[in-house]
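Listed here are the chains, written in short residue letters.
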Amino acid sequence: MTMRFVHMSLEGDPNAEPAIVIPECTLCRAAFQPVAGDLAELREKAELWCLDHAAKSDEAHRHHTGFRVNVTMHWRVVPEGQPPGAAA
Ligand SMILES: [Zn+2]
């Protein structure tokens, strides 16, 4: 058996579903409903949703300023020189 060292890289998985960014208010549990898009675009939309949600006050005159953010991304390790998405 012959073994050799192979350089590997980590990259976004082009065959996986898109990234998801879901902020949830820690006070009332309201959550941003994500739409398809790239990660930077999703993050910007999620941040705007948080700022908008925090700007409103509830019946007790509280502003909801805390958020739990769940981010789901898919990565894949690929041997150097292999085209993205070729690894199974
Ligand atoms: Zn809230």
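Residues numbered from 1 in each chain as written. Predicted model: local features only at pLDDT ≥ 70, side-chain atom pairs only at ≥ 80, totals over all residues. Heavy atoms only, no water.

Taking every second residue as pointing to the same face, the buried face of strand β2 (residues 20–25) carries V21, P23 and C25, while none of I20, I22 and E24 on the other face is buried. Across 6 bridges, β2 lies against strand β3 (residues 67–72) in antiparallel orientation. The partner of C25 across the bridge, within β3, is F67. (Buried < 20%, exposed > 50% of the residue type's maximum accessible area, 1.4 Å probe, protein only. Helix = DSSP H or I, 4+ residues; strand = E, 2+ residues; numbered from the N terminus. Pairing = 2+ DSSP bridges.)

If you check the backbone angles, R29 has positive phi at about 70 degrees while not being a glycine. Among the secondary structure elements, R29 is positioned in the loop between β2 and α1 (39–55). Backbone geometry at H61 places phi at a positive 60 degrees, although glycine is not the residue there.

For the rest of this paragraph, the subject is the side chain of D13. Tracing the sequence through the fold places D13 in the loop between β1 (8–12) and β2. One polar contact links D13 to R76, side chain to side chain, over a distance of 2.9 Å. (Polar contact = N/O pair within 3.5 Å; in protein donor to acceptor, adjacent residues only side chain to side chain.)

As a further point, take the nonpolar core. Residues V21, F32, L42, A46, W49 and C50 constitute the largest nonpolar core, which totals 6 residues. The element contributing the most residues to this core is α1, with 4 residues. The residues touching L42, leaving out its near neighbours within four places in the chain, are A19, I20, V21, V35, A36 and G37. (Core = buried A, V, L, I, M, F, W, Y, C linked by side-chain atoms within 4.5 Å. Contact = heavy atoms within 4.5 Å.)

The values reported here are purely geometric and, on their own, carry no functional implication.
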